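One-letter residues, chain by chain:
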Amino acid sequence: MKLRHAAAGVCVSAVVAAVGGTLGKFGPSAGSGVPTGLPARVLAGYYPGWHEMPARLRDIDPHYGVVYLFAARPVGGPPGTTGAVYWTAPGDGRGAASHFNDDLRFARQVQGRKIILSVGGDGNGMSFPDRAKSRAFIASIADLYRRFGGIDGLDWNTFQANQRPDTAEMIWISLELKRMYPGFIISAPPAPWSAIDQRFCRDMLSAGALDYCAPQYYDGPNLADPAYVVANVDQWVKLLGASHVVVGFGINNAPNFMSDAQVATTWRELLRRHPHLRGAFNWELATDERQGWPFARKIGPMVLQASRR
């Protein structure tokens, strides 16, 4: 799956988050004017940092109301040596890196988008065996929050391959971030078939530490089969409730991806069965732009119009 096994690309700069500091001094910027909390309907896309010439954040198709910055990585490599994470900026071929902070601020304050930092992915699992490592993680997220001028949430993509989630500590971390930043969104993109991921999402939601899970239906055997998607989403809705489920798609002319027509048909059936689904996400934005934005412009209106029913 792309979020878990994506090929590495070229990045141009890195910011390594600091570990030190006390949690009490971290908080949202005063007077930012950014509404907090999760949108009524989610249309999201992943924005990987490895492309040399990605679109600037402000130039992403406007149907996308949620953008995942992919991804912060563990310092020292997986599963992380200290608990801190670092962020690598996107390529600057069209100015995405040099305008990053200004564009992020514009996307949030003017365009009304939610910008969520995805952590892990691409084999970068993380462990949280103790509170000291969890505190270091929070401190590094808070440092990135300040450096970026604010973000709207965190996407747990750290339970990778053989890395099981340390659920109790991840609940504590998530609740701390929600306390520090009112309205802070917590999401996770689980493997659709994984009983471990299902328990993690269920326990996180029960603890009030999760807003939604977004199972990923692409880049794996049979995952892009519409019949499998419909049946599997049924399971996730039964587990979490439709308003806590976002469905992950990938449109590409490649094995185990769907066409835009297949995504449209699948979404219609899902919505017929579960009218209160929270939304859909796309892997990934550079591919959508290269193809002429089929997910944003064909699937996006279908997802967003559903919120007005």
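That block above? That's the structure.
Here's what I pulled together on the structure shown here. (Residues numbered from 1 in each chain as written. Predicted model: local features only at pLDDT ≥ 70, side-chain atom pairs only at ≥ 80, totals over all residues. Heavy atoms only, no water.)

1. Observations regarding the packing of aromatic side chains
Within the structure shown, the criterion is met by 22 aromatic pairs. Here W87 and F148 contribute two aromatic rings whose centre-to-centre distance is 5.9 Å and whose plane-to-plane angle is 80°, an arrangement assigned as edge-to-face. A residue pair is termed long-range when its members are at least 10 positions apart, and W87 in strand β4 (residues 85–89) and F148 in helix α3 (residues 131–148) qualify at 61 residues. A connected cluster of aromatic rings, assembled from ring pairs, spans Y46, W50, Y68, F70, Y218, F257, F281 and W283. Over the ring of F106 we find R58, and its NZ or CZ is 3.8 Å from the ring centre. One residue, R73, lies across the ring of F70, its end atom 5.4 Å from the ring centre. (Phe/Tyr/Trp six-rings, centres within 6.5 Å; stacked < 30°, edge-to-face > 60°. Helix = DSSP H or I, 4+ residues; strand = E, 2+ residues; numbered from the N terminus. Lys NZ or Arg CZ within 6 Å of the ring centre and 35° of its normal.)

2. Quick notes on the environment of A72
Among the structural elements, A72 can be located in strand β3 (residues 66–74). Not counting residues within four places of it along the chain, the set of residues in contact with A72 comprises V85, Y86, W87, L117, S118, V119 and G120. (Contact = heavy atoms within 4.5 Å.)

3. Description of the pairing of β4
Burial runs high along β4: four of the five residues are buried. Judged from the two bridges that link them, β3 and β4 form a sheet pairing that is antiparallel. Counterpart to R73 in the pairing with β4 is Y86. (Buried < 20%, exposed > 50% of the residue type's maximum accessible area, 1.4 Å probe, protein only. Pairing = 2+ DSSP bridges.)

4. As for the packing of helix α6 (residues 226–240) against helix α7 (residues 260–273)
Two elements in contact, α6 and α7, have axes whose closest approach is 10 Å; the angle formed by their N-to-C orientations is 25°. One way to sum up the angle between α6 and α7 is to call them roughly parallel. Along this stretch, α6 crosses α7, giving a crossing that reads as right-handed. Counted together, P226, V229, V230, V233 and D234 of α6 and T266, E269, L270 and R273 of α7 form the full contact between these two elements. (Axes fitted to C-alpha atoms, helices over the stretch in contact; angles between N-to-C directions. Parallel < 35°, antiparallel > 145°, perpendicular 65-115°, else oblique. Left-handed = near helix turned anticlockwise from the far one by under 90°.)

5. Details of the state of the cysteines
Linking two cysteines covalently via their sulfur atoms produces the bond known as a disulfide. Evaluated as defined, the whole model comprises one disulfide. Paired through a disulfide, C201 and C213 show a sulfur-sulfur distance of 2.2 Å. An S-S torsion of about -105° defines the bridge between C201 and C213 as left-handed. Remark: C213 occurs in strand β8 (residues 212–213) and C201 occurs in helix α5 (residues 195–206); sequence separation between them is 12 residues. (Disulfide = S-S within 2.5 Å.)

6. What about the pattern of salt bridges?
With the rule as written, the count across this model stands at 17 salt bridges. The shortest N-O distance in the salt bridge between D203 and R202 comes to 3.1 Å. Note on D203: relative accessible area 29%, which makes it partly exposed. A salt bridge links R272 to E269, with the nearest nitrogen and oxygen atoms 2.8 Å apart. Remark: E269 and R272 occur in helix α7; sequence separation between them is three residues, near one turn of the helix. Sharing partners across several salt bridges, the network here consists of D234, E269, R272 and R273. (Salt bridge = Lys/Arg side-chain N within 4 Å of Asp/Glu carboxyl O.)

7. A look at α7
Taking 1.5 Å per residue, 14 residues should reach 20 Å; α7 reaches 20 Å between its end C-alpha atoms and fits that length. Among the residues of α7, those classed as buried are V263, A264, T266, W267, L270 and L271. Residues of α7 that are buried sit in contact with α6, β9 (246–249), β10 (279–282) and α9 (294–305). (Expected span 1.5 Å × (residues − 1).)

8. Section: the pairing of strand β7 (residues 185–188)
Successive side chains on a regular strand alternate, one facing one side of the sheet and the next facing the other. By the alternation rule, side chains of β7 split into I185 and S187 and I186 and A188, which are all buried. Pairing analysis gives three bridges linking strand β6 (residues 153–157) to β7, with the strands arranged parallel. Bridging across to β7, D155 finds its partner in S187. As paired strands, β7 and β8 are joined by two bridges and run parallel to one another. Within β8, the residue paired with S187 across the bridge is Y212.

9. What to know about the nonpolar core
Counting 75 residues, the largest nonpolar core has L69, L117, F137, W156 and W267 as the members making the most contacts within it. Of all the elements, α3 adds the most residues to this core, at seven residues. When sequence neighbours within four positions are dropped, the list of residues in contact with L117 reads L69, A72, W87, I141, L144, F148, I151, G153, L154 and D155. In terms of nonpolar packing, the next biggest core, distinct from the first, is built from 18 residues, V42, A44, A71 and F281 among them. (Core = buried A, V, L, I, M, F, W, Y, C linked by side-chain atoms within 4.5 Å.)

10. Some remarks on the packing of helix α4 (residues 167–180) against α5
Where α4 contacts α5, the two axes come as close as 10 Å, and the packing angle between them is 40°. Comparing their axes, α5 and α4 come out oblique. The element α4 and its partner α5 pack so that their crossing is right-handed. Across from T167, M170, I171 and S174 in α4, the residues of α5 making contact are F200, D203 and M204. Classifying every residue of the contact of α4 with α5 by side-chain character gives four nonpolar, two polar and one charged. (Nonpolar A, V, L, I, M, F, W, Y, C, P; charged D, E, K, R; others polar.)

So, to be careful, I would describe these as geometric facts and stop short of saying anything about function.
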